[in-house]
Amino acid sequence: MGLRQKHLLSRRHFCLCCMTGGAFAATGGWLTPRQAFAEARGIVTLIKDSAASSPVTAYKLRGNVSVLEGSGGNIAVLAGPDGKVLVDGGISVSRPQLTKTLSGLGAEPVTYLINTHWHFDHADGNEWLHAVGAKIIAHENTRKHLSEIQRVEDWDYNFLPSPEGAIPSEVLSTNRTLKLNGTSLELKPYKPAHTDGDLSVTFAELDILHVADTYWNGIYPFIDYSTGGSIDGMIAASDANLAVATDHTIIIPGHGKPVSNKSELNEFRDMLVDIRDKVEALKKSGRTLEETIAAKPTAAHDAKWGQFVIDPPFFTKLVYEGV
Ligand SMILES: [Zn+2]
């Protein structure tokens, strides 16, 4: 493991989405599939080990909604007499810290878990949360991906099917509203964006919006082409998020600083559009991926967005794939 990877792994809310980026940075070039696979296996273990010792921190938002940081993607919690409702379940090795932090938000058990999408750093906690009584709800494509062997090309990694208890028991493909703890939770599928199973969750009366991995606050996002994601889908999802948010809305991003707002989201959207246009122009002029990366189409944004695991070359590759 290179110094850079050690540095990255010491930071919070890194995720499995980042394996190839780290592999790229550590070697200064693309790994062969065999090397990348070995590297990826190592990083999965490192992520689990690191999550196992990371604290899980709760930030109170509005009403009885909090956001938890420290176990994979940002987790929203709605507490109350109907039991706790979680939006995403983090990484399973964080169970002790997550259990402790959740108990600080009230004595009720977790009764519902909504998966924003199938990725490991959001759904790995499904099995234990189901075992303690949570009913799992997700997009129908999330259930499909969790049920099958799933190959993520950009990670050069194969995920095995999840155990039975981790599979969502209730799925949706159109908007659906749950009334729990005096709050309306609006579950809305996106068109394919980060994956083909992304859901947003709105806590309607409280004006809080969890936008899943369609938004990474202050860092370049991963885009999972293996399960239907694309740069254009990410931009369309950002536009959809901006259309429903106001200056009063608290926005919970999938990754990055866990409490955000419309103006920060707007910067994210503008960054995506600018880089997309630059990469598209380079690709259309006949540049290869390597030449496009060498032209540094992300340069104007790297100081702000490129300081995390999806580094400028890897993000350029993700955009290049989709234009
Ligand atoms: Zn993800």
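These numbers were taken from a predicted model, which means no experiment stands behind them.

Our focus in this paragraph is the nonpolar core. Of all hydrophobic cores here, the largest spans 45 residues; its most connected members are Phe222, Phe268, Met271, Leu272, Ile310, Phe315 and Leu318. Elements supplying a minimum of two residues to this core: helix H5 (120-123), strand E8 (157-159), helix H8 (231-244), helix H9 (262-284), helix H10 (289-294) and helix H12 (312-320). For this core, the element with the highest residue contribution is H9, accounting for six residues. For phenylalanine 268, the residues in contact, after removing those within four places along its chain, are Thr214, Tyr215, Trp216, Ile219, Pro221, Met234, Ser238 and Trp305. Counting 21 residues, the second largest nonpolar core, distinct from the first, contains Leu61, Val87, Leu180 and Leu206.

With that settled, consider the pairing of strand E2 (residues 65-69). Counting buried positions along E2 gives five out of five residues, so the element sits mostly inside the fold. Burial of E2 is two-sided: the residues Val65, Val67 and Glu69 facing one way and the residues Ser66 and Leu68 facing the other way are all buried. Where strand E1 (residues 57-60) meets E2, four bridges bridge the pair, whose relative direction is antiparallel. Bridging from a neighbouring strand, threonine 57 pairs with glutamate 69 of E2. Counting the residues that bridge the hairpin from E1 to E2 gives four residues, and of these glycine 63 lies at a positive phi of roughly 55°. Where E2 lies against strand E3 (residues 75-78), four bridges are found, and the strand directions are antiparallel. Across the sheet, the residue bridging to valine 65 is leucine 78, located in E3.

Okay, the sheet that holds E1 next. The seven strands are arranged E1-E2-E3-E4-E5-E6-E9 in an open sheet whose pairing can be described as mixed. The outermost strands of the open sheet, each flanked by one partner alone, are E1 and strand E9 (170-172). Neighbour-to-neighbour, the strand axes of the sheet open up by a mean angle of 20°, direction not taken into account. Each of E1, E2, E3, strand E4 (84-87) and strand E5 (110-114) is contacted by helix H4 (residues 95-103), which is oriented at about 155° to E2, the strand it contacts most. Of the strands in this sheet, strand E6 (135-139) and E9 are in contact with helix H7 (residues 140-147), which crosses E6 at around 105°.

A few words on unusual backbone geometry. Phi is positive for aspartate 207, which is not a glycine, with a value near 55°. Within the secondary structure, aspartate 207 sits in the loop between strand E12 (199-203) and strand E13 (208-210). For alanine 212, which is not glycine, the phi torsion reads 55° and is therefore positive.

A separate point is the coordination of the zinc ion. Summarising the metal site, the zinc ion is bound by the protein donors His117 (NE2), His119 (ND1), His194 (NE2) and Asp213 (OD), whose distances to it range over 2.2 to 2.3 Å. Here the zinc ion binds four donor atoms, and the angle range of 88 to 179° at the metal identifies the geometry as irregular. Linear spacing of the donor residues for the zinc ion on their chain is H-x1-H-x74-H-x18-D. Of the two residues, histidine 117 is situated in the loop between E5 and H5 and histidine 194 in the loop between strand E11 (183-189) and E12; the sequence distance between them amounts to 77 residues. Of the two residues, histidine 117 and histidine 194, neither departs from the other in class, the shared state being buried.

With that out of the way, let us pick up the packing of H8 against H9. Orientation of H8 relative to H9, taken along the N-to-C sense of each, is 155°, at an axis distance of 10 Å. Judged by the angle between their axes, H8 and H9 are roughly antiparallel. For the element pair H8 and H9, the recorded crossing hand is left-handed. Of the residues in H9, those in contact with Ile231, Asp232, Met234, Ile235, Ser238, Asp239, Asn241 and Leu242 of H8 are Lys262, Leu265, Asn266, Phe268, Arg269, Leu272, Val273 and Arg276. Within the contact of H8 with H9, the residues separate by chemical class into eight nonpolar, three polar and five charged.

The next subject is the sheet that holds E13. Read from one edge to the other, the open sheet built from five strands follows the order E10-E11-E12-E13-E15, with strand pairing classed as mixed. Only two strands of the sheet have a single neighbouring strand rather than two, namely strand E10 (176-180) and strand E15 (250-252). The sheet shows a mean angle of 20° between the axes of neighbouring strands, direction not considered. Taken together, the five bridges between E10 and E11 define a ladder with antiparallel strand orientation. Considered in E11, the bridge of threonine 177 is made with glutamate 186.

Reading guide: rules and limits
Residues numbered from 1 in each chain as written. Predicted model: local features only at pLDDT ≥ 70, side-chain atom pairs only at ≥ 80, totals over all residues. Heavy atoms only, no water. Core = buried A, V, L, I, M, F, W, Y, C linked by side-chain atoms within 4.5 Å. Buried < 20%, exposed > 50% of the residue type's maximum accessible area, 1.4 Å probe, protein only. Helix = DSSP H or I, 4+ residues; strand = E, 2+ residues; numbered from the N terminus. Contact = heavy atoms within 4.5 Å. Pairing = 2+ DSSP bridges. Axes fitted to C-alpha atoms, helices over the stretch in contact; angles between N-to-C directions. Donors = N, O, S within 2.8 Å, 3.2 Å for Na, K, Ca; no water. Tetrahedral: all angles 85-135°; square planar, octahedral: opposite > 155°, others 65-115°. Parallel < 35°, antiparallel > 145°, perpendicular 65-115°, else oblique. Left-handed = near helix turned anticlockwise from the far one by under 90°. Nonpolar A, V, L, I, M, F, W, Y, C, P; charged D, E, K, R; others polar.

Geometric values such as these leave the question of function open.
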